[in-house]
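Given next are the chains, with one letter for each unit.
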Amino acid sequence: MNFDLLDKKDTVNELLARYGVKFGIYKNGTFKEQLFPFDAIPRVIKKEEFDYLERGLKQRVKALNLFLLDIYNDKKIVRDKVVPEEFIYASSGYLVPCEGVVPPKEVFSHVSGIDLVLGKDGEWYILEDNLRVPSGASYPMIARELCRRSSPPVPSTITPLRTTGTMPTS
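Residues numbered from 1 in each chain as written. Predicted model: local features only at pLDDT ≥ 70, side-chain atom pairs only at ≥ 80, totals over all residues. Heavy atoms only, no water.

Let's shift gears to the packing of aromatic side chains. Taken as a whole and assessed by the stated rule, the structure comprises three aromatic pairs. A centroid spacing of 5.8 Å and a plane angle of 25° characterise the contact between Tyr72 and Phe108, whose relative ring orientation is stacked. One end of the pair, Tyr72, is in the loop between helix H2 (47-71) and helix H3 (76-79); the other, Phe108, is in the loop between helix H4 (85-89) and strand E3 (113-118), with 36 residues separating them in the sequence. In this structure Tyr72 comes out as buried when scored by relative accessible area, which is 6%. By way of ring pairs, the aromatic residues Tyr72, Tyr89, Tyr94 and Phe108 are connected into one cluster. (Phe/Tyr/Trp six-rings, centres within 6.5 Å; stacked < 30°, edge-to-face > 60°. Helix = DSSP H or I, 4+ residues; strand = E, 2+ residues; numbered from the N terminus. Buried < 20%, exposed > 50% of the residue type's maximum accessible area, 1.4 Å probe, protein only.)

What follows deals with helix H1 (residues 9-18). The complete set of buried residues in H1 reads Val12, Leu15 and Leu16. Angularly, the buried residues of H1 cover 100° about the axis, an arc narrow enough to put them on a single face. When the buried face of H1 is taken as reference, the exposed residues oriented beyond 90 degrees from it are Asp10, Glu14 and Arg18. Where H1 is buried, its residues contact strand E2 (30-35) and helix H5 (139-150). Downstream of H1 by one or two residues, Gly20 has phi in the positive range, about 70°. (Arc of directions from axis to C-beta. Contact = heavy atoms within 4.5 Å.)

Nonpolar side chains in soluble globular proteins tend to be buried together. By size, the foremost hydrophobic cluster in this structure holds twelve residues: Val12, Leu15, Leu16, Val21, Phe23, Phe36, Phe38, Ala40, Tyr139, Ala143, Leu146 and Cys147. When residues in this core are grouped by element, the largest group, four residues, is from H5. The next biggest cluster of nonpolar side chains, apart from the first, holds eight residues, and it includes Ile71, Ile77, Val78 and Val83. (Core = buried A, V, L, I, M, F, W, Y, C linked by side-chain atoms within 4.5 Å.)

Right, let's get into the pairing of strand E4 (residues 124-130). Both E3 and E4 contribute to a ladder of six bridges, which runs antiparallel. Each residue of the ladder has a partner; that of Asp115, found in E4, is Glu128. (Pairing = 2+ DSSP bridges.)

Looking now at a nonpolar patch on the surface. Residues Val117, Tyr125 and Leu127 make up a contiguous nonpolar surface patch of roughly 280 Å² in combined accessible area. Assignment of secondary structure puts Val117 in strand E3. Note on Val117: relative accessible area 32%, which makes it partly exposed. (Patch = residues over 30% accessible without salt bridge, like charges linked within 9 Å, V, L, I, M, F, W, Y side chains within 5 Å. Areas by Shrake-Rupley, 256 points an atom, 1.4 Å probe, with all protein chains shown as cover. Salt bridge = Lys/Arg side-chain N within 4 Å of Asp/Glu carboxyl O.)

Right, let's talk about the pattern of salt bridges for a bit. Charged atoms that come close allow side chains of opposite charge to pair. Summed over the entire model, instances satisfying the criterion amount to four salt bridges. Among the salt bridges present, the one from Lys47 reaches Asp51, with a minimum N-O distance of 2.8 Å. Residue Lys47 and its partner Asp51 are both found in helix H2; the two are separated by four residues, about one turn of the helix. Note on Lys47: relative accessible area 49%, which makes it partly exposed. We classify Asp51 as partly exposed; its relative accessible area is 22%. The salt bridge partner of Arg60 is Asp129, with a shortest N-O separation of 2.8 Å. Of this pair, Arg60 sits in helix H2 while Asp129 is found in strand E4, placing the two residues 69 residues apart along the sequence.

This next bit is on the packing of H1 against H5. Contact geometry for H1 and H5: axes closest at 10 Å, N-to-C directions at 130°. The angle between the axes of H1 and H5 places the two elements in the oblique class. Crossing handedness for the pair H1 and H5: right-handed. Here Thr11, Val12, Leu15 and Leu16 of H1 lie close against H5, whose contacting residues are Tyr139, Ile142, Leu146 and Ser150. Each residue belonging to the contact of H1 with H5 can be placed in one class, and the counts come to six nonpolar, two polar and no charged. (Axes fitted to C-alpha atoms, helices over the stretch in contact; angles between N-to-C directions. Parallel < 35°, antiparallel > 145°, perpendicular 65-115°, else oblique. Left-handed = near helix turned anticlockwise from the far one by under 90°. Nonpolar A, V, L, I, M, F, W, Y, C, P; charged D, E, K, R; others polar.)

Further remarks concern the confidence of the model for the chain. On average, residues of the chain carry a pLDDT of 83, and 84% of them reach 70 or more. In the model of the chain, helix H6 (residues 153-156) stands out as the element of lowest mean pLDDT, 58, in contrast to H3, which has the highest, 97. (pLDDT = per-residue confidence, 0-100.)

Below, the structure is given as structure tokens:
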């Protein structure tokens, strides 16, 4: 079957621009929004490698939630001088109203955007953690819908791997 999605790349990018699908970055201290670019060729990750990444990312998100639990409650990481006090309390992301809050299952971040990049050495690296509502959270859904509109047969013939989406709490 000959899919024409590669030929429709510009169309999908135009639709993404029309719908305002953007993400924000800081460059030279200035916040800037730019369009999410669409690549018609998906990055294929072998199941074994995906399983490895998934385990590591779940572990990382758990650690980030434990960090948030600590800084808003016991503050052991500050008391033990692992992280300087000013690093936490001077952060614009630190929310004083969350002091003493313990959310259900101790999960502060329900959706986490962990930006990964595959290095030239074949290893995966984490660029950053986004624990607010990650700008890319809805991107796969709208990109898939726009692919369907511009090249209807493609997404209906592809079955992506489903993840469990569950996070262990302890």
